[in-house]
Amino acid sequence: MADTAVTNPLRSPLSHAAGRLAAATRASGGAIRLAELPFLTQIDVRLDPKGAAADAVGLALGLPLPVDPGTVVRAGELTALWLGPDEWLVVGPPGGRHDLESRIREAAGDEPVSVIDVSAQRTTLLITGPRARDLLAHGCSLDLHPRVFGPGRCAQTNLGRTQVVLVARDDPRAGFWVLVRSSFAGYLTDWLLDAAVEWTG
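In this report, we go over the structure that sits alongside the text. The shown structure was predicted, so the numbers you read here are calculated from the model rather than taken from an experiment.

Conventions and cut-offs
- Residues numbered from 1 in each chain as written.
- Predicted model: local features only at pLDDT ≥ 70, side-chain atom pairs only at ≥ 80, totals over all residues.
- Heavy atoms only, no water.
- Axes fitted to C-alpha atoms, helices over the stretch in contact; angles between N-to-C directions.
- Helix = DSSP H or I, 4+ residues; strand = E, 2+ residues; numbered from the N terminus.
- Parallel < 35°, antiparallel > 145°, perpendicular 65-115°, else oblique.
- Left-handed = near helix turned anticlockwise from the far one by under 90°.
- Contact = heavy atoms within 4.5 Å.
- Nonpolar A, V, L, I, M, F, W, Y, C, P; charged D, E, K, R; others polar.
- Core = buried A, V, L, I, M, F, W, Y, C linked by side-chain atoms within 4.5 Å.
- Buried < 20%, exposed > 50% of the residue type's maximum accessible area, 1.4 Å probe, protein only.
- 1 Å grid on protein atoms, 1.4 Å probe; cavity = no way out; pocket = protein on both sides within 12 Å on 5 of 7 lines; lining within 4 Å.
- Points joined across faces, edges and corners; volume = space filled by probe spheres on them.
- Pairing = 2+ DSSP bridges.

1. Topic: the packing of helix H1 (residues 18-27) against helix H5 (residues 182-195)
Reasoning step 1: Their axes nearest at 11 Å, the elements H1 and H5 cross at an angle of 20 degrees. Taken together, the axis directions place H1 and H5 in an arrangement best described as roughly parallel. H5 is crossed by H1, and the crossing has left-handed handedness. Seen from H1, the contacting residues are Arg20, Leu21 and Ala24; seen from H5, they are Thr189, Asp190 and Leu193.
Reasoning step 2: Residue composition of the contact of H1 with H5, grouped by class: three nonpolar, one polar and two charged.

Below is the structure:
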């Protein structure tokens with residue numbers, strides 16, 4: 001018997017807002033760029049940072065798990081964010097969650113480790129351009145000056161009253177990632193577009 005199951009294409013939390021984000025980017029005249037980076041692989045990892053598993057997982061991923069609070073390590077297509085003394089978020093390209101999970105679990109061996117796929121929990125907004133920091137400062141209490149929150153930094157914080165993970169990319173021109181829960185993504189996008197009116201007219 002033929003398979004009659006209907007397969008729906010994936011829809012990102014902000015697919016409906018892509019046109020508005022692009023329009024704001026154009027209207028800003030290069031001051032800001034707003035876009036969604038949908039479906040990034042996101043794996044939450046918890047383990048003893050001083051145990052054997054930490055080094056083994058780092059080798060398996062090709063990047064060491066950062067040990068300094070609020071820091072980011074990037075190698076190739078993978079980025080590891082420090083979320084706590086024994087917690088990291090490993091971010092990779094879309095479609096790689098099963099491979100990443102397997103690599104981490106195999107590397108940890110018998111060591112205690114928690115590996116949870118949280119890819120569907122959040123989406124990612126990209127904010128770049130010379131006024132990106134000014135836009136974020138409208139609704140974030142962090143000191144976003146490059147000397148304090150420069151490339152390679154991350155923080156769990158609030159932006160426009162929404163809990164996010166904010167990442168300063170490793171190249172200043174690459175701007176920021178804002179990782180936001182899917183259920184709040186629409187609200188935060190509306191907030192960002194409203195705050196950006198200073199540059200988009």
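2. Some details on the nonpolar core
Reasoning step 1: One finds Leu135, Leu159, Val178 and Leu188 to be the most contacted residues of the largest nonpolar core, which totals 31 residues.
Reasoning step 2: Elements with a contribution of two residues or more to this core: H1, strand S7 (122-128), helix H4 (132-137), strand S8 (153-159), strand S9 (162-168), strand S10 (176-181) and H5.
Reasoning step 3: The greatest single-element share of this core, amounting to six residues, is contributed by H5.
Reasoning step 4: Setting aside residues up to four positions removed in sequence, Leu188 forms contacts with Leu125, Leu159, Thr162, Val164, Val178 and Val180.
Reasoning step 5: Membership of the second largest hydrophobic core comes to 18 residues, among which are Ile43, Leu63, Leu78 and Leu100.

3. A few points about the layout of surface pockets
Think of a ball as big as a water molecule: rolled over the atoms, this probe shows where empty space is left.
Reasoning step 1: Taken as a whole, the largest pocket holds about 290 Å³ of empty space.
Reasoning step 2: Around the largest pocket sit 17 residues that line it, and Leu10, Phe39, Arg97, Ser119 and Ala120 are the ones nearest its centre.
Reasoning step 3: Looking at the lining of the largest pocket residue by residue, the class counts come to six nonpolar, seven polar and four charged.
Reasoning step 4: Quantified by volume, the second largest pocket comes out at close to 210 Å³.
Reasoning step 5: Around the second largest pocket, the lining comprises 13 residues; the ones closest to its centre are Gln121, Arg122, Gln156, Gln163 and Arg181.
Reasoning step 6: Its residues assigned to classes, the lining of the second largest pocket comprises six nonpolar, three polar and four charged.

4. Thoughts on the sheet that holds strand S2 (residues 41-47)
Reasoning step 1: Strand order across the open sheet formed by five strands is S3-S4-S5-S2-S6, with antiparallel pairing between neighbours. In this open sheet, the two edge strands, each paired with only one partner strand, are strand S3 (72-75) and strand S6 (113-117). With direction set aside, neighbouring strand axes in the sheet form an average angle of 20 degrees.
Reasoning step 2: Summarising the sheet, S2 and strand S5 (residues 87-92) pair through six bridges and their orientation is antiparallel. What sits directly across from Arg46, in S5, is Glu87.

Everything listed is a geometric property; what it means functionally is a separate question.
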